[in-house]
Amino acid sequence: MRVRGKFGTMMIMSVLAAGAARAQEMQMPKQEQHHQMEMLPVRGEYPRMGRAQENAKGALVTLEQVQKIAGESNPTLRQAEAEIRAAKARQQQSGLYPNPTVAYTSDEIRGGSVGGGKQGFFLEQTLVMGGKLGLSREVFGKEVKLAEIEAQEQKMRVQSAVKMAFLRVLAAQELLYARRDMAMIAQDSAETQRRLMNTGQADETEVLDAEVGAQRMRMAARMQENTLREEWRSLAAVIGQPDLPLTTVAGDLEKGWPEVNEEEAADTIAKKGPAVRIAEAAEARAQTVLSRARRQAIPDIQVRAGMEYNNETLGSAPFAKGWEGIAEVAVQIPLFNRNQGNVAAARADIERAGQEKKRIALTLRERAASAVDQYANARLMAMEYRDEMLPRAKKAYGLMVERYGQMLASYPRVLDARQKLFELQIEYISALEGVWTNGIALEGFLLTDGLEAPARPGEIDRPVRETNVPMPERTMSLRESTRNP
């Protein structure tokens, strides 16, 4: 059947127009349809650092302040100082001359009318030969040197530990605000899905999925609050003030990164670290002990001198013989005991000390290699986030907000762009924390435990006992830890 005339032409045009409208509606993305259904106000909000410090209720705590408190209150520093005094006292004692002996003596004492016998006193002294006292002072002088190096190491260890704990508190502050932002975004997304379900543009599974995501983000924010408290308690313990109330710290994670030469760091730590100096001093002490053991075979001289009153009469004379002098000199002959066992043991200790120095250098290289790798990875990640990924994500979010204002994008798409931006911000903060913690550890020769007791001189196997490299889970696998709080 053919339609003729003006009326027929209009009918055909109407049908074609209706068909085109339906086709355009079918091609329009579901989110764009949502956008046309409801227009919510959107203000572009971007992540930024320092909000905890801006919203602090009291005075901010600085790194310089906690370092000063640690210098006054950390007990390990006082222990190191006490050990120096103890080593100097032992050195003094080792060089003291043996005390003389004063004694009463008597011989052939008779009583009654006969009388007679001898009575008197004597002084006995040991003369130390072979310079043994000087060598003993030298041995304990090496221990004083060991104690002084240990005190320097302890001071470095406390400074590194305080700085690392402080930066972890600062990072925890930043992460707390970022995770709270993520929780707000997830909550907004869940509410949006509920509104869409009310208009028939989303089903219940989408709403439930959004609600689960919102709950996860709220849980992550609450867990971050616990982490902040944990980091603060660690800092308070290291500085020696465990009851210090939680306070906001001042600082900037993005500025002043530790600058570590990745090619030379391990070599520097293995050659110039305090642990190496302690091992070298221990080897020098072992050499002195050998010299002292060799001199031990030289016998000391025992000298005795005194006076005795002899009551025996001289023949028919009516008076006694009177005062008589006595003197003795004795020396021990090193016939069987020449201290050969101690000499052999001292030689073995020298060999052990030399191998210990090598072992420490290798141990430090091994541990430094891991810290350098973590530092390099964290620094690479931080720079990529800062210079590449975050700027792109911010631009994408800004364009999405702009398109939404022009009714060219839906609100869920805006939320998705914002969520991705804040996820990157969390990963960026974690990367910055990795740069700081590993960098501080490397700058401090891997000495990071500020509450480990300083070693006593002579504990040959302990120079690297306190080498605690930052925990890998805090500096690596950043995205995984963000996804699974």
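Because the structure is a prediction, the values reported are computed rather than measured.

A. Region of the structure containing unusual backbone geometry. At asparagine 339, a residue that is not glycine, the phi angle is positive and equals roughly 60°. Accessibility expressed as a relative area gives 11% for asparagine 339, which makes it buried. Despite not being glycine, leucine 446 has its phi angle at roughly 65°, a positive value. Tracing the backbone through its elements, the reader meets leucine 446 in the loop between α11 (411-443) and α12 (472-475).

B. Representation of the environment of alanine 221. Examined against the element boundaries, alanine 221 turns out to sit in helix α7 (residues 204-238). The exposure class assigned to alanine 221 is buried, which follows from its relative accessible area of 7%. For the pair alanine 221 and leucine 176, spaced 45 residues apart in the sequence, the C-alpha separation amounts to 6.2 Å. Every residue in contact with alanine 221, bar those within four places of it in the chain, is listed here: Leu176, Arg179 and Arg180.

C. Structural detail: the side chain of glutamate 143. Mapped onto the secondary structure, glutamate 143 falls in helix α6 (residues 132-198). Those residues in contact with glutamate 143 that sit more than four places away from it in its chain are Ala87, Arg90, Arg285 and Pro457.

D. Expanded view of the pattern of salt bridges. Across all of its chains, the model carries 22 salt bridges by this definition. The partner of arginine 90 in a salt bridge is glutamate 143, and the shortest N-O contact between them spans 3.8 Å. You can see arginine 90 sitting in helix α5 (residues 75-94) and its partner glutamate 143 sitting in helix α6, a full 53 residues away along the chain. Each of Glu83, Arg90, Glu143 and Arg285 takes part in one network of salt bridges that share partners.

E. Examining the pairing of strand β2 (residues 118-127) more closely. Bridge count for strand β1 (residues 101-107) against β2 is 7 bridges, and the pairing is antiparallel. Within the sheet, the bridge partner assigned to serine 106 lies in β2 and is glutamine 119. In this sheet, strand β3 (residues 301-313) lies alongside β2 in antiparallel orientation, the contact comprising 10 bridges. Residue pairing in the sheet places leucine 123 in a bridge with alanine 305 of β3.

Calculation rules
Residues numbered from 1 in each chain as written. Predicted model: local features only at pLDDT ≥ 70, side-chain atom pairs only at ≥ 80, totals over all residues. Heavy atoms only, no water. Buried < 20%, exposed > 50% of the residue type's maximum accessible area, 1.4 Å probe, protein only. Helix = DSSP H or I, 4+ residues; strand = E, 2+ residues; numbered from the N terminus. Contact = heavy atoms within 4.5 Å. Salt bridge = Lys/Arg side-chain N within 4 Å of Asp/Glu carboxyl O. Pairing = 2+ DSSP bridges.

It is worth stressing that arrangement in space is one thing and function is another; only the former is reported here.
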